[in-house]
Protein chains: 2
Amino acid sequence: MTDATSLIAADWGTTSLRAYRIAGDGSVAGSVSLPLGILKVPDGDFDAVYGQVFGPWLDRADPVPVIAAGMIGSRQGWLEVPYLSAPSGVAEFAAGLGRVRTAAGGAMAIVPGISVTGDDGVPDVLRGEETQVIGAHLLGRAASGLVVVPGTHSKWILAEDGRITWFATFMTGEVFALLCQHSILGRLMRGDGEDAEAFRRGLAHGRSDDPRSAGLLHRLFSARTLGLFDRIPGEALRSYLSGLLIGAEIAEATTALSAWLDGIPSSLTIIGGAALTEAYGTALAGCGFSVDEVGEEAMVGGLVAIAKAAGLMG
Amino acid sequence: MTDATSLIAADWGTTSLRAYRIAGDGSVAGSVSLPLGILKVPDGDFDAVYGQVFGPWLDRADPVPVIAAGMIGSRQGWLEVPYLSAPSGVAEFAAGLGRVRTAAGGAMAIVPGISVTGDDGVPDVLRGEETQVIGAHLLGRAASGLVVVPGTHSKWILAEDGRITWFATFMTGEVFALLCQHSILGRLMRGDGEDAEAFRRGLAHGRSDDPRSAGLLHRLFSARTLGLFDRIPGEALRSYLSGLLIGAEIAEATTALSAWLDGIPSSLTIIGGAALTEAYGTALAGCGFSVDEVGEEAMVGGLVAIAKAAGLMG
């Protein structure tokens, strides 16, 4: 039976849960994507969500191994799995798996995150992106160099042979969502369509080094004033703000990279879903980077690789 | 009757509504403060709130003039009152008053805001703070020079003889509230007490010019990681984030001022409520500014002055 489930693999992050049923040959036999990230699980009852989502795939005579990566292993998740330190690769992550008992029977393995301490003494952490970097490496992509994983918390990662050596977090996606949903900036926005010209305009303003434009706390307000004065229509303000924040992230990240490294790499790999990868690809190419893009197959490949290295899957 | 109401004056902003009953001698005979800022008015029914809050003071044989300043005059408010341009002072604001009919009878006058266009071509706007600057000037304070009005949207304003000549907006207060209430940073916070040491630490990190710390989108994440690694207790994380954002605002504002002016003034006046004024006063004094502080009497004084200049009050 080629479609027998050999592994259930999950990307369980802050805002969403994506689960994959993996066949014996490592291919994806089925998948589901739900808005049940760890901050959205009702009453924090992860076990209930587990039973609902994974239950139908678990209902077999043979126990199926389950592995998850992402914020599900954080302090706000189901089980806090201690961070590894850098550099770490597939062997270290397999050895560091956490295991949580489930009401449905069996355990779910959780990939540990990784932490680094910056030269400025402030720690940084990631969970989930380590698995994507490992998967991309196995696909022959992002083998070494700079990797950008956009999302709720964007990560800029330096990898060597599939091992993570340095990274920095930018709260771009979460700040964007909060401003659209809850701030006065959202009040002038109309719809959630995309406007390429407004995105480019926001990008330019966000990454500008003109000191007369001050910094982000000031520039954000332009997403209100340009709407008030009809310089940008309400239908395009969301794209403008997206560009503004991604531009600010690129400016911040290249500043940090310049300080951390001798220079900034000229090429990079973006790992992520289609919409975000396209937005960041456009933005980063416009900033002069040579860009390679990898999709969700990186996460799946990484989860399978770690499961195999841990002996969960033959 | 010394407590006869000669004017009802209101500071009707984004997050709160403060209303004052003014006696004939200009003194405050009564006041009320409610969490009914324009973004919190149920169904946007400003008239209903007006009737509930001002109605008891309006129920007299003599019609009482009513004047309001703040975001109530914005596009998201009750009536959009066109912005004036800079420089503008009490005469221009009195001449530019908008008037909205109310179901309770009579009209409410609304002070116009003011707009400037930055050297970078991006417009900026304020509403409400013009009235505070006028009031402070009449009190013999903030006559000329740099004025900081912290709040949901902090304003850094240059004034000359009670007239506003330049300003810049920073979305500090709104971003802080959103991050505390809705982001993952709030998940590690415990209580809303104040911690002076954590505030200072956040302030230093927020205003640091160390390029290894990148910029705000990255630094915000330190309010999570320093909590995760028990470097700052959950009870102090809110103060840390407050300091971080105020520090970022000060760094941004002084950058903008340096670019706009020949130099940065060495003294400034803070106008606002006690808690915010104290936090900003501590922060700005720590950054080397000589600081003067003015409270809500600035708003009341400004509203009375504009009402008198417009002939609403004898």
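These figures come from a predicted structure and were not determined experimentally. (Residues numbered from 1 in each chain as written. Chains lettered and ligands numbered in written order. Predicted model: local features only at pLDDT ≥ 70, side-chain atom pairs only at ≥ 80, totals over all residues. Heavy atoms only, no water.)

### A word on the interface of chain A and chain B
- Taken together, the contacts link 62 residues of chain A with 61 residues of chain B.
- Across the chain A/chain B interface, buried area totals approximately 5,300 Å², and carbon plus sulfur atoms make up 68% of it.
- The tally of links between chain A and chain B comes to 0 salt bridges.
- Summed over the shared surface of chain A and chain B, the result is 26 residue pairs in polar contact (both at pLDDT 80 or more).
- Looking at the side of chain A that touches chain B, the elements that each hand over two or more residues are strand S8 (114–117), strand S9 (123–126), strand S12 (163–170), helix H4 (172–182), helix H6 (216–219), helix H7 (222–228) and helix H8 (237–260) of chain A.
- Broken down by element, the side of chain A that touches chain B gets its largest block of residues, 8 residues, from H8(A).
- Along the lines of polarity and charge, the residues of the side of chain A that touches chain B split into 29 nonpolar, 18 polar and 15 charged. (Contact = heavy atoms within 4.5 Å. Buried area = accessible area lost by both parts, 1.4 Å probe. Salt bridge = Lys/Arg side-chain N within 4 Å of Asp/Glu carboxyl O. Polar contact = N/O pair within 3.5 Å; in protein donor to acceptor, adjacent residues only side chain to side chain. Helix = DSSP H or I, 4+ residues; strand = E, 2+ residues; numbered from the N terminus. Nonpolar A, V, L, I, M, F, W, Y, C, P; charged D, E, K, R; others polar.)

### Some remarks on the confidence of the model for chain A
- Model confidence for chain A is summarised by a mean pLDDT of 93, while 97% of its residues fall at 70 or above.
- Here the complex is predicted with pTM 0.93, and the ipTM for its interfaces comes to 0.93. (pLDDT = per-residue confidence, 0-100.)

### A look at the packing of H4(A) against helix H4 (residues 172–182) of chain B
- At a minimum axis distance of 10 Å, the contact between H4(A) and H4(B) shows a crossing angle of 105 degrees. Comparing the axis directions of H4(A) and H4(B) gives the class roughly perpendicular. Taken together, the residues of H4(B) that come into contact with H4(A) (itself represented by Glu174(A), Leu178(A), Leu179(A) and His182(A)) are Glu174(B), Leu178(B), Leu179(B) and His182(B).
- For the contact of H4(A) with H4(B), a count of residues per class yields 4 nonpolar, 2 polar and 2 charged. (Axes fitted to C-alpha atoms, helices over the stretch in contact; angles between N-to-C directions. Parallel < 35°, antiparallel > 145°, perpendicular 65-115°, else oblique.)

### A short note on the domain arrangement of chain A
- Along its sequence, chain A is carved into domain 1 (5–128 + 299–309) and domain 2 (170–294).
- Each of domain 1 of chain A and domain 2 of chain A has a C-alpha centre, and the two are 30 Å apart. (Domains from an automatic or database assignment.)

### A short note on the sheet that holds S8(A)
- Judged by pairing direction, the sheet is mixed, and its 3 strands sit side by side in the order S5-S8-S9 (chain A) without closing on themselves. Bordering the open sheet on either side are strand S5 (84–85) and S9 of chain A, each of which pairs with just one other strand. (Pairing = 2+ DSSP bridges.)

### A closer look at the nonpolar core
- Among the nonpolar cores identified, the biggest contains 153 residues, and Phe54(A) and Phe54(B) are the most heavily contacted of them.
- Of the domains in this structure, domain 1 (5–128 + 299–309) and domain 2 (170–294) of chain A are the two that each give at least three residues to this core.
- What Phe54(A) contacts, discounting residues up to four positions off in sequence, is Ile8(A), Ala10(A), Trp12(A), Leu17(A), Ala19(A), Val49(A), Val66(A) and Met108(A). (Core = buried A, V, L, I, M, F, W, Y, C linked by side-chain atoms within 4.5 Å. Buried < 20%, exposed > 50% of the residue type's maximum accessible area, 1.4 Å probe, protein only.)

### A closer look at the sheet that holds strand S8 (residues 114–117) of chain B
Residue and element names in this part refer to chain B.
- Taken together, the 3 strands give an open sheet; going across it, the order is S5-S8-S9, and neighbouring strands pair in mixed fashion. Of all strands in the sheet, those with a lone pairing partner are strand S5 (84–85) and strand S9 (123–126), marking the two edges.
- By the bridge criterion, 2 bridges tie S5 to S8 in an arrangement that is parallel. Along S8, the bridge assignment pairs Ser85 with Ser115.

### Digging into the packing of aromatic side chains
- Per the counting criterion, the structure on display carries 18 aromatic pairs over all chains.
- Relative to Trp78(A), the ring of Phe46(A) lies with its centre 6.3 Å away and its plane at 25 degrees, an arrangement referred to as stacked. Of this pair, Phe46(A) sits in helix H1 (residues 46–58) while Trp78(A) sits in the loop between strand S4 (66–69) and S5, and the two are 32 residues apart along the sequence.
- Judged by its relative accessible area of 7%, Phe46(A) is buried.
- On the accessibility criterion, Trp78(A) (18% relative accessible area) is buried.
- Considering the side-chain rings of Trp166(B) and Trp260(B), the 5.4 Å spacing of their centres and the 55 degrees angle between planes classify their relative orientation as tilted. Of this pair, Trp166(B) sits in strand S12 (residues 163–170) while Trp260(B) is found in helix H8 (residues 234–260), placing the two residues 94 residues apart along the sequence.
- Residue classification places Trp166(B) among the buried residues on the basis of a relative accessible area of 7%.
- Over the aromatic face of Tyr83(A) sits the side chain of Arg127(A), whose NZ or CZ is 4.1 Å from the ring centroid. (Phe/Tyr/Trp six-rings, centres within 6.5 Å; stacked < 30°, edge-to-face > 60°. Lys NZ or Arg CZ within 6 Å of the ring centre and 35° of its normal.)

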